[in-house]
Amino acid sequence: MRNTTSQTDNLIAWAYHEYYARIQQYIAYRINHKYDAEDLAQDVFVRLLDYKPMLRPQTVKYFIYTIARNIVTDYIRRYYKRQEIDSFLYDTLPTVSHETEEKIQADNIAELEHLKVQTFPAQRRTVYTLNRYAEQSVPEIAEQLNLSRRTVENHLFLGRKEVRTYMKEII
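Residues numbered from 1 in each chain as written. Predicted model: local features only at pLDDT ≥ 70, side-chain atom pairs only at ≥ 80, totals over all residues. Heavy atoms only, no water.

Draft legend 1. Structural view of the overall build of the protein chain. Counting its regular elements, the protein chain contains 7 helices and 0 strands. Put simply, the protein chain runs from its N terminus to its C terminus through helices and strands in the order α-α-α-α-α-α-α. In terms of overall size, the protein chain is more extended than a compact globule, its C-alpha atoms giving a radius of gyration of 38 Å where 171 residues would be expected to give roughly 16 Å. Dimensions along the principal axes, computed over C-alpha positions, put the protein chain at roughly 110 × 30 × 25 Å. Here the protein chain holds 171 residues, and the buried ones make up 25% of them. Contacts in the protein chain between residues far apart in sequence, at least 24 positions, make up 56% of those at least 6 positions apart. Distance between charge centres in the protein chain, computed from 24 positive and 23 negative side chains, equals 6 Å. (Helix = DSSP H or I, 4+ residues; strand = E, 2+ residues; numbered from the N terminus. Rg over C-alpha atoms; globule rule 2.2 N^0.38 Å. Buried < 20%, exposed > 50% of the residue type's maximum accessible area, 1.4 Å probe, protein only. Contact = heavy atoms within 4.5 Å. Lys, Arg positive; Asp, Glu negative; His and termini not counted. Charge placed at Lys NZ, Arg CZ, Asp CG, Glu CD.)

Structure follows, in structure tokens:
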């Protein structure tokens, strides 16, 4: 029994040296990927070990090529299945969104703007707040506060400039 195992091991070693390069080329030709072909060629000979009791010098070549063909078929099936799954996921899943994080950042920036506006002189703060938050135009603010349009424009210009400078410093 020991002699038969030794002979089978010698047969597998001989087959490896004899057929490895050809099997690797065979696989590489079918899958067009050199490094995967090397891995798959190794797998062929690992699987060949499962057939030790059935190996004969006359049949070893056919076992090797049959195993290689099956491995290539499995590899190609997995490849196309992976492509199909990736395509399905790409088409059906929503794009990753960071809405929560973006909302928190926007809220933080709005809070910082609000704090800066609180440091403005009273009239500038009122003009800026009416324009920015109440969305009133310059003529509407001028009429409401009994100010000239030019004064309102000046307060808006200075207020926006201060907020921009402040935001540039903190961001």
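More follows now that the structure is in view.
Draft legend 2. A look at unusual backbone geometry. A positive phi angle, close to 55°, is found at glutamate 135, a residue other than glycine. Positionally, glutamate 135 belongs in the loop between helix H5 (122–132) and helix H6 (138–145). The phi torsion at asparagine 146 lies on the positive side, around 55°, for a residue other than glycine. Counting through the fold element by element, asparagine 146 comes out in the loop between H6 and helix H7 (149–170).

Draft legend 3. How the structure looks around the packing of helix H4 (residues 99–117) against H7. Across the interface, H4 lies against H7 with an axial gap of 10 Å and an inter-helix angle of 130°. Classified by the angle their axes make, H4 and H7 are oblique. Crossing of H4 against H7: the hand is right-handed. Each of Ile109, Leu112, Glu113, Lys116 and Val117 in H4 lies in contact with H7, whose residues at this interface are Glu162, Val163, Tyr166, Met167 and Ile170. (Axes fitted to C-alpha atoms, helices over the stretch in contact; angles between N-to-C directions. Parallel < 35°, antiparallel > 145°, perpendicular 65-115°, else oblique. Left-handed = near helix turned anticlockwise from the far one by under 90°.)

Draft legend 4. Focus on the pattern of salt bridges. All chains considered together, the criterion is met by 8 salt bridges. In this structure, glutamate 84 and lysine 81 form a salt bridge, with 3.8 Å as the shortest nitrogen-oxygen distance. With glutamate 84 and lysine 81 both in helix H3 (residues 60–92), this residue pair falls 3 residues apart, about one helical turn. (Salt bridge = Lys/Arg side-chain N within 4 Å of Asp/Glu carboxyl O.)

Draft legend 5. Geometry of helix H2 (residues 34–48). For H2, which comprises 15 residues, the first-to-last C-alpha distance of 21 Å matches the rise-based estimate of 21 Å (1.5 Å per residue) to within 8%. Every buried residue belonging to H2 is among Ala37, Leu40, Ala41, Val44, Phe45 and Leu48, and all of these are buried. All buried residues of H2 fall inside an arc of 145° around its axis, so they share one side. Among the exposed residues of H2, those oriented more than 90 degrees off its buried face are Tyr35 and Val46. (Expected span 1.5 Å × (residues − 1). Arc of directions from axis to C-beta.)

Draft legend 6. Looking closely at the environment of arginine 124. Positionally, arginine 124 belongs in helix H5. Separated by 32 residues in the primary sequence, arginine 124 and leucine 156 have C-alpha atoms spaced 7.1 Å apart. Once residues lying within four places of it in the same chain are set aside, the contact partners of arginine 124 are His155, Leu158, Gly159 and Glu162. A distance of 2.6 Å separates the side chain of arginine 124 from the side chain of glutamate 162, its partner in a polar contact. (Polar contact = N/O pair within 3.5 Å; in protein donor to acceptor, adjacent residues only side chain to side chain.)

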